[in-house]
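# Fold and geometry: a report
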Amino acid sequence: MNSAALGPDGRITTSNGIDDFHPFERWVAGCLREGAVEFQGDDVILGEKAAARFAPGIDREKRMAVLGIVERDAEPIRAMPWTSAALLAGVNGREWIALSARDARVGNARELSPKQLRLFIPLDLVVYEAVKALPDGKIQLVSLPTQNGRISAEGRPMMALPFKKIGVA
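Note that the coordinates shown come from a computational prediction; the quantities given were computed from them, not determined experimentally.

### Regarding the packing of helix H1 (residues 23-33) against helix H3 (residues 71-79)
Between H1 and H3, the least distance of the axes is 7 Å, while the angle of their chain directions is 125°. When the axes of H1 and H3 are compared, the pair comes out oblique. As for the relative orientation of H1 and H3, their crossing is left-handed in sense. Here Pro23, Phe24 and Trp27 of H1 come into contact with H3, specifically with Asp73, Pro76, Ile77 and Ala79.

Structure below.
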């Protein structure tokens, strides 16, 4: 997203042609209204408030990274055509899991050329170190249901993406 702002109707307005009725756009607009996201070029950078909707971790049996997503946020994330994910170190002085869509155009997009989009999810150091110890391979995205106001640790698989470490020592 080259630039984004909230219009008077509360919808996100972008200059890159991503359909503003797309579930991911509405989700980002909600995060923007809460001050929980910022944009750097075509990158969507989650702040701590939005990052709390995610539960990064590892599956020790499968030796792979896992990214849990609170159930109410799972559909907007699933709706974006993600093509890969990465563990990043030292970007803006933090560690991240970044989801990447090689071509984020959907619906009635006005752009003629593919438009890359990345979603940066901050990690705490403990999770970063655990994920860093895993081999490159796949990351499993799972939807985490809530029960009695609490998030369940047992998620439902949504998708698996190629996963690699970038800039990780």
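Anyway, onward from the coordinates.
### Some details on the pairing of strand S10 (residues 137-144)
Burial within S10 is extensive, with six of its eight residues counted as buried. By the bridge criterion, six bridges tie strand S6 (residues 64-70) to S10 in an arrangement that is parallel. Residue pairing for S10: Ile69 is matched across the bridge by Ser143. The pairing of S10 with strand S13 (residues 156-166) spans seven bridges and is classified as antiparallel. Across the sheet, Ser143 pairs through a bridge with Arg156, a residue of S13.

### Section: the pairing of strand S7 (residues 84-91)
Sheet topology places S7 next to strand S8 (residues 94-101); seven bridges connect them, and they run antiparallel. Bridge pairing in S8 places Leu88 opposite Trp96. Turn length for the S7-S8 hairpin, with the two strands adjacent in sequence and antiparallel, is two residues, and the turn residue Asn92 shows positive phi of about 55°. In terms of strand pairing, S7 meets S13 through four bridges, oriented parallel. Across the sheet, Leu88 pairs through a bridge with Ile166, a residue of S13.

### Some remarks on the packing of aromatic side chains
Under the counting rule described, the total for this entry stands at four aromatic pairs. Arranged with centres 5.5 Å apart and planes meeting at 85°, the rings of Phe24 and Trp82 form a pair that is edge-to-face. In this pair, Phe24 sits in helix H1 while Trp82 sits in the loop between H3 and S7, placing the two residues 58 residues apart along the sequence. When its relative accessible area of 0% is taken as the criterion, Phe24 is described as buried. Look at Trp82 and you get buried, because its relative accessible area is 7%. Note on Trp96 and Phe120: the rings are 5.7 Å apart at their centroids and 90° apart in plane angle, and the pair reads as edge-to-face. Placement of the pair is Trp96 in strand S8 and Phe120 in strand S9 (residues 117-122), with a sequence separation of 24 residues. Each member of the pair Trp96 and Phe120 is classed as buried. Joined through ring pairs, the aromatic side chains of Phe24, Trp27, Phe54 and Trp82 make up one cluster.

### Some details on the confidence of the model for the protein
On average, residues of the protein carry a pLDDT of 84, and 84% of them reach 70 or more. Per-element averaging of pLDDT across the protein places strand S1 (residues 4-6) at the bottom with 49 and S8 at the top with 96. Considering only residues more than four positions removed or in separate chains, one finds that residues 5-11, a stretch of pLDDT under 50, has 14 contacts.

### Considering the sheet that holds S8
Spatial strand order, S3-S4-S9-S8-S7-S13-S10-S6-S5: nine strands in an open sheet with mixed pairing. At either margin of the open sheet sits one strand with a lone partner, and together these are strand S3 (37-40) and strand S5 (54-59). Within this sheet the neighbouring strands show an average axis-to-axis angle of 30°, counted without direction. Against the sheet, H1 touches S3, strand S4 (43-46), S5 and S9, its axis set at about 110° to S3. Docked against the sheet, H3 engages S5, S6, S8, S9, S10 and S13, running at close to 110° with respect to S6.

Cut-offs and rules
Residues numbered from 1 in each chain as written. Predicted model: local features only at pLDDT ≥ 70, side-chain atom pairs only at ≥ 80, totals over all residues. Heavy atoms only, no water. Axes fitted to C-alpha atoms, helices over the stretch in contact; angles between N-to-C directions. Helix = DSSP H or I, 4+ residues; strand = E, 2+ residues; numbered from the N terminus. Parallel < 35°, antiparallel > 145°, perpendicular 65-115°, else oblique. Left-handed = near helix turned anticlockwise from the far one by under 90°. Contact = heavy atoms within 4.5 Å. Buried < 20%, exposed > 50% of the residue type's maximum accessible area, 1.4 Å probe, protein only. Pairing = 2+ DSSP bridges. Phe/Tyr/Trp six-rings, centres within 6.5 Å; stacked < 30°, edge-to-face > 60°. pLDDT = per-residue confidence, 0-100.

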